[in-house]
Each structure stands twice: as C-alpha cells, then as structure tokens.
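# A closer look at the structure
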Amino acid sequence: MKVLVCDKLADSAVQAMRDAGLEVVVKTGMTPEELVATVPGFHVAIVRSATKFRKPAIDAATDMKLIVRGGVGLDNIDVEYAEAKGIKVMNTPAASSASVAELALGFMFALARSIPQATASMKAGKWEKKQFEGIELAGKTLGVIGAGRIGAELIKRANALGMNCIFYRRTPTEMPGARQVPLEELLRTSDFISMHVPLTPETANMLSREQFAMMKDGVYIVHCGRGGTVDEEALLEALNSGKVAGAALDVFAEEPTNNMALVSHPNVICSPHIGAQTKEAQDRVGDEVASIVIEFAKAHAG
Ligand code: NAD
C-alpha cells in the first residue's frame, strides 16, 4: 500500500508505517496543482490542516481508499464528496484534547492576572504594580459552551482550582463536577466563558450581540474552539463597551487573521491557533495516524 504524507507528521509515525511494510512518501508544502498531479497511485493520504483535499484532488485520487486527517477539524477535506467516491475519511479527535484544555486554562490565568500586559509593561521599563490588580479563579463560575472532549478536560482542571463549573451542550449529559444548564443561564451567570463547539451552520456566530448583551458585566471570554463561532465584530463592541473585560483568542474567523482591530485591543490576548501545538499532542497525533493506517492496511491486505 502506498501512503502519501502531505503535511508534517512526527518522524516516528513515518517510521512505524515503514516498519509495517508500507511504502511511505513524504511530500509536504504541495500547491493544489502539485497535489492533483501527485495523488494518482497512492492508496492513503495523510494531511494535517494545511493541505486542502477538495474535488480536483479527490477526482485525481483514483486509487485512494483512505484520507487521514491528523487532528480534529475536517473542514480542509470535502468529506461527503470523498465518501461518495468510496474514500474513507478518518481523524484523530482525542489526541490534542489535553493540550487545548491546558491552553484554555493558561488563558484564564493570563486574563485574570493580566500576565501578558504586565510583561509588556515591564519590558517597556515600567513598574505599574497598582494597575495590575487581578482576580482569583477560585470561586468563579466557568461556563463551557460545547462540553465534548476538550470541554470535559477543561472542567476537570477547573474543578481542581475550586471553580464552579457549568456547561451547555445540545444533548443531556452527565459530566462529573459540572452542571448542565440552558445556554441563557450560562451566559447570564458565568464569570468566564470558554467556547468549544465545532463550526456548523447552527454554531456560526453563536456568540453575537444578543448573547453578549445577556452576559455579566466584566465577563472574560476564552476561545480555543473554532473560528467563526464567535462574532468578532460583536466581541470587539463588547470589549469597547467594557461588557467583556478581556478575551483570549486562539482561533479566528479567518486564519491568518487580518482583524488587527481585535488583535491589538488592549484587553485581548491571543495566539496563532496553537491549541494542539505541543510535543505530546503532536506525538499522539502521529501515533494515532500511524496505527489507523497500519490497521487499515492490515484489513485491506491482499
Ligand atoms: P467534541 O466533538 O468532543 O465536542 C464538541 C461539543 O460541542 C460536543 O459536546 C457537541 O455536543 C457540542 N455541540 C456541537 N454543536 C452544538 C450546538 N449547536 N450547540 C451546543 N453544543 C454543540 O469536540 P472537541 O474535540 O472537544 O473539539 C471542540 C472544538 O475544538 C472543535 O471545533 C475543534 O475544531 C476545536 N479544536 C481547536 C484546537 C485548537 O488548536 N485551538 C485543537 C483541537 C480542536
């Protein structure tokens, strides 16, 4: 079986597939045209988020049986079209949950104590001790919107800090250490709101003007979910009015973002979609991808 690795994958994963007898070609950074020209003859393609598997590449992939996305979101693959052509599409949804939850928690500490702003102030030669009075996380209410894998990991950690955790998701679910509430109650009572829903037609701009208006004055927003689920214009207005005291953003409606009005706001701290960028998550993604491909090859041998 011939495997095409289109985006960066841990060396150990490539080696594991080779050790299992698979022919693995690593060719990263291809243009869409190069991808179309390369895919014929390959049975498996491995992508992260950079390579886009759209109709032209899928049409050209006449021997393809499986596309594996190392990571969670499948928005870079036309999944329905691929599956209609008999190509299975799989991902590694759990590999980065702990890393994303830790980033969200790190953002909460950074917002509560203005750590990035205090650092910038000191690097500018100042000593603004009085200006940086913060708040404790203990005793505050954390509202998690979309409590799936990542939300559950965040709740576990927030519980250990003495936070009161509530969550909203569509289906009734038991979550140790947290109470499920309607969205409106979460918006009205949370001190910190952390977004973890995928981007779907239902969740697009799920936090917009109407939702910000319901929130407590001085709420903090943490967004390590998917760009497009928070209305960035409405968020900027809420920051400017003081309704939102601070926002921490890892994901943006467009990436890389050009929304400098938002990024440069003094009460915004941010990172360039690094939720899953830890050594451990990358290694776990690699291990999971390799085992998916090896199992698939075994099942389709001969
Ligand atoms: P998950 O599928 O385990 O959880 C998503 C949750 O959202 C589920 O509980 C689901 O019921 C809920 N949900 C979906 N639609 C909803 C709606 N309309 N209303 C209310 N709840 C809804 O996913 P996960 O692994 O926890 O990942 C969550 C998000 O985090 C994904 O969108 C993913 O793209 C993003 N993510 C970001 C990074 C990063 O680097 N920042 C890394 C990994 C994942």
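Residues numbered from 1 in each chain as written. Predicted model: local features only at pLDDT ≥ 70, side-chain atom pairs only at ≥ 80, totals over all residues. Heavy atoms only, no water.

## Some words on the layout of surface pockets
- What the second largest pocket holds in volume is close to 250 Å³.
- Along the walls of the second largest pocket sit 15 residues, with Leu 111, Ser 114, Gln 117, Ala 245 and Asn 267 positioned nearest its centre.
- Breaking the lining of the second largest pocket down by element, the ones donating at least two residues are helix H5 (97-113) and strand S11 (244-249).
- The element contributing the most residues to the lining of the second largest pocket is H5, with 3 residues.
- In terms of residue class, the lining of the second largest pocket is built from 8 nonpolar, 6 polar and 1 charged. (1 Å grid on protein atoms, 1.4 Å probe; cavity = no way out; pocket = protein on both sides within 12 Å on 5 of 7 lines; lining within 4 Å. Points joined across faces, edges and corners; volume = space filled by probe spheres on them. Helix = DSSP H or I, 4+ residues; strand = E, 2+ residues; numbered from the N terminus. Nonpolar A, V, L, I, M, F, W, Y, C, P; charged D, E, K, R; others polar.)

## Brief notes about the sheet that holds S11
- Spatially, S8-S7-S6-S9-S10-S11-S12 is the arrangement adopted by the 7 strands of the open sheet, whose pairing is parallel. Here the strands that pair on one side only, and so sit at the sheet edges, are strand S8 (179-180) and strand S12 (268-270).
- One ladder, built from 2 bridges, connects strand S7 (residues 164-168) with S8; its direction is parallel. Counterpart to Phe 167 in the pairing with S8 is Gln 180.
- With respect to the sheet, helix H10 (residues 232-241) is in contact with strand S10 (219-223), S11 and S12, its orientation differing from that of S11 by roughly 140°. (Pairing = 2+ DSSP bridges. Contact = heavy atoms within 4.5 Å. Axes fitted to C-alpha atoms, helices over the stretch in contact; angles between N-to-C directions.)

## Considering the side chain of Ser 121
- Within the secondary structure layout, Ser 121 lies in helix H6 (residues 115-123).
- Not counting residues up to four positions away in its chain, the partners in contact with Ser 121 are Lys 126, Glu 128 and Phe 132.

## Description of the sheet that holds strand S3 (residues 44-47)
- Taken together, 5 strands build an open sheet; the order of strands is S2-S1-S3-S4-S5 and the sheet is parallel. Looking at strand neighbours, the two that pair on one side only are strand S2 (23-26) and strand S5 (88-91), the edges of this open sheet. Strand after strand, the sheet turns through a mean of 20° between neighbouring axes, direction not considered.
- With 4 bridges joining them, strand S4 (residues 66-69) and S5 adopt parallel strand pairing. Residue Val 68 lies in a different strand from S5, and its bridge partner there is Met 90.
- Against the sheet, helix H1 (residues 11-19) touches strand S1 (2-5), S2 and S3, its axis set at about 155° to S2.

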